[in-house]
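An overview of the molecular structure
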Amino acid sequence: MRPQLPAKLYYRIGEVASIVGVEPHVLRYWETEFRSVRPQKSAKGQRIYSRRDVETLLKVKELLYAHRFTIAGAKRKLREGGIEPPPVDQVATHAEVQRMREALLEIRVELVALLDELGQS
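Per an unreviewed UniProt entry, the chain carries the name Transcriptional regulator, MerR family and comes from Chondromyces apiculatus DSM 436.

**Some thoughts on the side chain of Glu-31**
Structurally, Glu-31 is set in helix 2 (residues 24–33). A distance of 2.5 Å separates the side chain of Glu-31 from the side chain of Tyr-49, its partner in a polar contact.

**Remarks on the environment of Thr-56**
Summarising the element assignment, Thr-56 is placed in helix 3 (residues 51–66). Linking Thr-56 and Val-20, residues 36 residues apart in sequence, is a C-alpha distance of 10.0 Å. When residues no more than four places from it in sequence are discounted, the contact partners of Thr-56 are Ser-36, Val-37 and Ile-83.

**Quick notes on the domain arrangement of the chain**
For the chain, the assigned domains read domain 1 (1–87) and domain 2 (91–120). If you average the C-alpha positions of domain 1 and of domain 2, the two centres end up 39 Å apart.

**Overview of the packing of aromatic side chains**
A ring pair, where both rings are aromatic, is described by two values, the distance of the centres and the angle of the planes. Per the stated rule, a full pass over the model turns up 1 aromatic pair. Ring centres of Trp-30 and Tyr-65 lie 6.2 Å apart, and the angle between their planes is 80°; on these two criteria the pair is classed as edge-to-face. Linking Trp-30 in helix 2 with Tyr-65 in helix 3, this pair joins segments that are 35 residues apart in sequence. Looking at Tyr-65, the relative accessible area reads 42%, which means it is partly exposed.

**Examining the pattern of salt bridges**
In the structure shown here, the tally under the stated rule is 4 salt bridges. Linking Glu-31 and Arg-47 is a salt bridge whose minimum nitrogen-to-oxygen distance equals 2.9 Å. Residue Glu-31 is found in helix 2, and its partner Arg-47 is found in strand 3 (residues 47–50); the two are separated by 16 residues along the sequence. In this structure Glu-31 comes out as buried when scored by relative accessible area, which is 10%. Across the pair Glu-55 and Arg-51 runs a salt bridge, and its minimum N-O distance is 3.7 Å.

So, how was this worked out
Residues numbered from 1 in each chain as written. Predicted model: local features only at pLDDT ≥ 70, side-chain atom pairs only at ≥ 80, totals over all residues. Heavy atoms only, no water. Helix = DSSP H or I, 4+ residues; strand = E, 2+ residues; numbered from the N terminus. Polar contact = N/O pair within 3.5 Å; in protein donor to acceptor, adjacent residues only side chain to side chain. Contact = heavy atoms within 4.5 Å. Domains from an automatic or database assignment. Phe/Tyr/Trp six-rings, centres within 6.5 Å; stacked < 30°, edge-to-face > 60°. Buried < 20%, exposed > 50% of the residue type's maximum accessible area, 1.4 Å probe, protein only. Salt bridge = Lys/Arg side-chain N within 4 Å of Asp/Glu carboxyl O.

Okay, here's the thing in C-alpha coordinates:
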(Lines give C-alpha, C1' and ligand atoms only; values in the text may rest on other atoms or scores of the structure.)
Protein backbone atom coordinates (compact mmCIF):
# COMPACT_ATOMS: atom_id res chain seq x y z
CA MET A 1 0.00 0.00 0.00
CA ARG A 2 1.36 3.41 -0.97
CA PRO A 3 1.61 6.13 1.67
CA GLN A 4 -0.66 9.14 1.31
CA LEU A 5 1.33 12.17 0.11
CA PRO A 6 0.93 15.41 2.06
CA ALA A 7 -0.90 18.03 -0.02
CA LYS A 8 2.12 20.06 -1.08
CA LEU A 9 3.57 21.12 -4.43
CA TYR A 10 7.21 20.58 -3.48
CA TYR A 11 9.12 18.43 -1.02
CA ARG A 12 12.67 18.54 0.37
CA ILE A 13 14.93 15.49 0.27
CA GLY A 14 14.39 14.65 3.96
CA GLU A 15 10.61 14.66 3.52
CA VAL A 16 10.86 12.51 0.39
CA ALA A 17 13.21 10.05 2.10
CA SER A 18 10.67 9.71 4.91
CA ILE A 19 7.71 9.29 2.52
CA VAL A 20 9.48 6.77 0.30
CA GLY A 21 11.12 4.96 3.21
CA VAL A 22 14.75 5.08 2.08
CA GLU A 23 17.81 7.08 3.05
CA PRO A 24 18.58 10.35 1.21
CA HIS A 25 21.71 8.84 -0.38
CA VAL A 26 19.49 6.21 -2.04
CA LEU A 27 17.34 8.97 -3.55
CA ARG A 28 20.44 10.73 -4.85
CA TYR A 29 21.61 7.47 -6.43
CA TRP A 30 18.21 6.85 -8.03
CA GLU A 31 18.38 10.36 -9.53
CA THR A 32 21.51 9.30 -11.41
CA GLU A 33 19.84 6.11 -12.70
CA PHE A 34 16.29 7.25 -13.51
CA ARG A 35 16.00 10.19 -15.90
CA SER A 36 12.34 10.68 -14.95
CA VAL A 37 13.43 11.86 -11.47
CA ARG A 38 15.02 15.27 -11.80
CA PRO A 39 14.43 17.47 -8.75
CA GLN A 40 14.97 21.19 -9.09
CA LYS A 41 17.54 22.98 -6.95
CA SER A 42 16.52 25.82 -4.65
CA ALA A 43 18.50 29.06 -4.44
CA LYS A 44 20.35 27.47 -1.51
CA GLY A 45 21.17 24.38 -3.57
CA GLN A 46 18.70 22.07 -1.82
CA ARG A 47 16.85 19.45 -3.86
CA ILE A 48 13.19 20.31 -4.36
CA TYR A 49 11.09 17.34 -5.51
CA SER A 50 7.76 17.72 -7.27
CA ARG A 51 4.76 15.56 -6.46
CA ARG A 52 5.41 13.69 -9.72
CA ASP A 53 9.01 12.98 -8.65
CA VAL A 54 7.79 11.54 -5.34
CA GLU A 55 5.19 9.36 -7.07
CA THR A 56 7.85 8.08 -9.48
CA LEU A 57 10.20 7.34 -6.59
CA LEU A 58 7.45 5.35 -4.86
CA LYS A 59 7.03 3.30 -8.05
CA VAL A 60 10.80 2.79 -8.27
CA LYS A 61 10.91 1.55 -4.68
CA GLU A 62 8.00 -0.80 -5.30
CA LEU A 63 9.65 -2.26 -8.40
CA LEU A 64 13.06 -2.65 -6.76
CA TYR A 65 12.05 -3.80 -3.28
CA ALA A 66 8.64 -5.47 -3.59
CA HIS A 67 8.92 -6.95 -7.09
CA ARG A 68 12.71 -7.52 -6.91
CA PHE A 69 13.47 -5.86 -10.26
CA THR A 70 17.02 -4.87 -11.11
CA ILE A 71 17.70 -1.20 -11.89
CA ALA A 72 17.66 -2.04 -15.62
CA GLY A 73 14.41 -3.99 -15.23
CA ALA A 74 12.78 -1.15 -13.30
CA LYS A 75 13.84 1.34 -15.99
CA ARG A 76 12.36 -0.90 -18.68
CA LYS A 77 9.09 -1.29 -16.74
CA LEU A 78 8.83 2.49 -16.21
CA ARG A 79 9.54 3.07 -19.94
CA GLU A 80 6.73 0.66 -20.82
CA GLY A 81 4.45 2.69 -18.55
CA GLY A 82 5.47 5.94 -20.22
CA ILE A 83 7.16 7.30 -17.11
CA GLU A 84 10.85 6.88 -17.94
CA PRO A 85 12.13 8.43 -21.18
CA PRO A 86 14.03 6.19 -23.62
CA PRO A 87 17.82 5.94 -23.26
CA VAL A 88 19.77 8.77 -24.86
CA ASP A 89 21.18 6.43 -27.53
CA GLN A 90 17.62 5.52 -28.60
CA VAL A 91 16.39 9.08 -29.08
CA ALA A 92 15.81 9.92 -32.75
CA THR A 93 17.99 12.57 -34.35
CA HIS A 94 16.48 15.62 -36.01
CA ALA A 95 17.19 14.14 -39.45
CA GLU A 96 15.44 10.88 -38.51
CA VAL A 97 12.44 12.79 -37.21
CA GLN A 98 12.29 14.80 -40.48
CA ARG A 99 12.38 11.59 -42.55
CA MET A 100 9.61 10.05 -40.45
CA ARG A 101 7.53 13.21 -40.75
CA GLU A 102 7.92 13.29 -44.53
CA ALA A 103 6.98 9.59 -44.79
CA LEU A 104 3.89 10.15 -42.66
CA LEU A 105 2.86 13.16 -44.73
CA GLU A 106 3.16 11.06 -47.91
CA ILE A 107 0.99 8.35 -46.36
CA ARG A 108 -1.55 10.99 -45.37
CA VAL A 109 -1.72 12.33 -48.94
CA GLU A 110 -2.27 8.78 -50.24
CA LEU A 111 -4.99 8.12 -47.66
CA VAL A 112 -6.81 11.34 -48.51
CA ALA A 113 -6.67 10.39 -52.21
CA LEU A 114 -8.06 6.93 -51.43
CA LEU A 115 -10.86 8.41 -49.33
CA ASP A 116 -11.73 10.78 -52.19
CA GLU A 117 -11.88 7.84 -54.63
CA LEU A 118 -14.12 5.88 -52.26
CA GLY A 119 -16.37 8.90 -51.80
CA GLN A 120 -16.80 9.29 -55.57
CA SER A 121 -17.63 5.62 -56.14
